[in-house]
Amino acid sequence: MVAPPAAPAVPGPLAVLDPTGQFAKRKKTSLWFTVSLLVVSVFILTIGLAATTRTENVTVGGYYPGIVLGFGSFLGIVGIHLVENRRQMLVASIVFISFGVVAAFCCAIVDGVFAARHIEPRPLYNKRCQFYSSGIGFLYDAYQTEVTCYTLNSKCQLKVKSNTCYCCDLYNCENSEQSSSYYEFLGVSSCQDVVHLYRLLWSSTVLNIIGLFLGIITAAILGAFKDMVPLSQIAFSAAPPPQILYNPAQQILTYAGFCPSAATISTYPSYPLPLQLKSCAVLRSSVST
């Protein structure tokens, strides 16, 4: 009996190529960007909530992108580690990250414009703003008083509530509705809270811009990674080559893989069993001659 021929050698380019290593590298890169986006989302959410709750009459603060981007990056981290349904999970992650990118763009514009146009930090830095508090036991919305604001040519009365930081330099005595900047901030513990609010708004704007670009890059990387399949998951089911048997007594080469014995031949309606056996006998006689 002749031994079966050896398997052909792997060509040079396939031997050099390492699909498993390439998959691991792409997985590590995707995981790094997704975790970075999650960290930025946590900062956006924390600083945005701090800016929103700092005062009562200033409710801006871009913390909404932190929620959407954080959820999308969490789905991305889970999808990267999945074996089954990884593509579906990464597609969902890309969708949430895309919505978060749009929200980050809008909130960056809103917070930046509000901090630049409606909050004037110079009177606060120069200590020209005053803080009024009625004392313990009075809420800021239940107690009001009148304070005198002096301008260059006149003076006027301004009604303020308890726990309020007000700036007479920003108040227009002739027409208070024409003031483009906020001249009072309600529900604060001191005027230093307004300075913190100003800084938090600019920090939120910068973080939203970072989340905007990082979200775009992360979505692109996850989109390229979701279609990759490691080499270990690909099953190659190649049929074995036919065995060539040599019988010295009959001087016949029998192809066991091409013509099976009569016991293994199944009957078909179109070709009866005697005709199938006859065809195999003709094939063997032609090979022997």
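Everything below is about the structure shown above.
Summarised in this report is the structure supplied together with it.

Right, let's get into the packing of helix α3 (residues 64–81) against helix α6 (residues 192–225). Look at α3 against α6: their axes get within 12 Å of each other, and the N-to-C directions meet at 25 degrees. On the basis of their axis angle, the class for α3 and α6 is roughly parallel. When the axes of α3 and α6 are compared, the crossing they make is left-handed. Taking contact as the criterion, the partners of Pro 65, Leu 69, Gly 76 and Ile 80 in α3 are, on α6, Asn 208, Gly 211, Leu 222 and Phe 225. Classifying every residue of the contact of α3 with α6 by side-chain character gives five nonpolar, three polar and no charged.

Ranked by size, the top nonpolar core spans 51 residues in total, and within it Ile 97, Leu 124, Leu 158, Cys 165, Tyr 166 and Leu 201 carry the most contacts. For this core, the secondary structure elements donating two or more residues are α2 (19–52), α3, α4 (86–117), β2 (144–150), β3 (155–161), β4 (164–166) and α6. Looking at this core, the element that brings in the most residues is α6, giving twelve residues.

Positionally, Asp 193 belongs in helix α6. For Asp 193, the residues in contact, after removing those within four places along its chain, are Arg 54 and Val 188.

Quick look at the pairing of β3 now. Burial along β3 is one-sided: Cys 156, Leu 158 and Val 160 are buried, and none of Lys 155, Gln 157, Lys 159 and Lys 161, which face the opposite way, are. By the bridge criterion, seven bridges tie β2 to β3 in an arrangement that is antiparallel. Note that in β3 the partner of Val 147 across the bridge is Leu 158. The loop that links β2 with its antiparallel partner β3 comprises four residues.

Under the criterion given, the structure shown has three disulfides. One disulfide bridge connects Cys 129 with Cys 167, the sulfur atoms lying 1.8 Å from each other. Since a negative S-S torsion denotes a left-handed disulfide, the Cys 129-Cys 167 link at about 100 degrees is right-handed. Here Cys 129 is found in the loop between α5 (122–125) and β1 (130–132), whereas its partner Cys 167 is found in the loop between β4 and β5 (184–186), with 38 residues between them in sequence. Look at Cys 167 and you get buried, because its relative accessible area is 1%. Two residues, Cys 149 and Cys 168, share a disulfide whose sulfurs are 2.1 Å apart. Linking Cys 149 and Cys 168, the disulfide has an S-S dihedral of approximately -60 degrees and is accordingly described as left-handed. Taken as a pair, Cys 149 in strand β2 and Cys 168 in the loop between β4 and β5 lie far apart in primary sequence, 19 residues in all. The pair formed by Cys 149 and Cys 168 is uniform in burial state, with each residue classed as buried. With no disulfide of its own, Cys 107 has Cys 106 as its nearest cysteine by sulfur position, at a separation of 6.8 Å.

So, how was this worked out
Counting restarts for each chain: residues are numbered from 1 in the order of the written sequence. In view of the model being predicted, local features appear only for residues whose pLDDT reaches at least 70, and side-chain atom pairs are presented and counted only at 80 or more, with totals across whole chains, interfaces and linings using the full set of residues. Hydrogen atoms and water are omitted, and side-chain values are computed over all heavy atoms in the structure. For helices, the axis comes from a line fit to the C-alpha atoms of the stretch in contact; other axes are also lines fit to C-alpha atoms, and the angle between any two N-to-C directions lies between 0 and 180 degrees. Secondary structure elements follow DSSP: runs of H or I of four or more residues count as helices, runs of E of two or more count as strands, with numbering from the N terminus. Put simply, angles under 35 degrees are roughly parallel, angles over 145 are roughly antiparallel, angles from 65 to 115 are roughly perpendicular, and the rest are oblique. Two helices cross in a left-handed way if the nearer one is turned anticlockwise from the farther one by less than a right angle. They cross in a right-handed way if the turn is clockwise. Throughout, a residue-residue contact means that at least one pair of heavy atoms, one from each residue, lies within 4.5 Å. Classification used: nonpolar for Ala, Val, Leu, Ile, Met, Phe, Trp, Tyr, Cys and Pro, charged for Asp, Glu, Lys and Arg, polar for all others including Gly. Definition used in this section: a nonpolar core is a set of buried Ala, Val, Leu, Ile, Met, Phe, Trp, Tyr and Cys residues joined via side-chain atoms within 4.5 Å. Think of it in three bands: with a 1.4 Å probe and only protein chains considered, a residue is buried below 20% of the maximum accessible area for its type, exposed above 50%, and partly exposed in between. One bridge is not enough; two strands pair if DSSP finds at least two bridges between them. Cysteine sulfurs are considered disulfide-paired once they come within 2.5 Å of each other.

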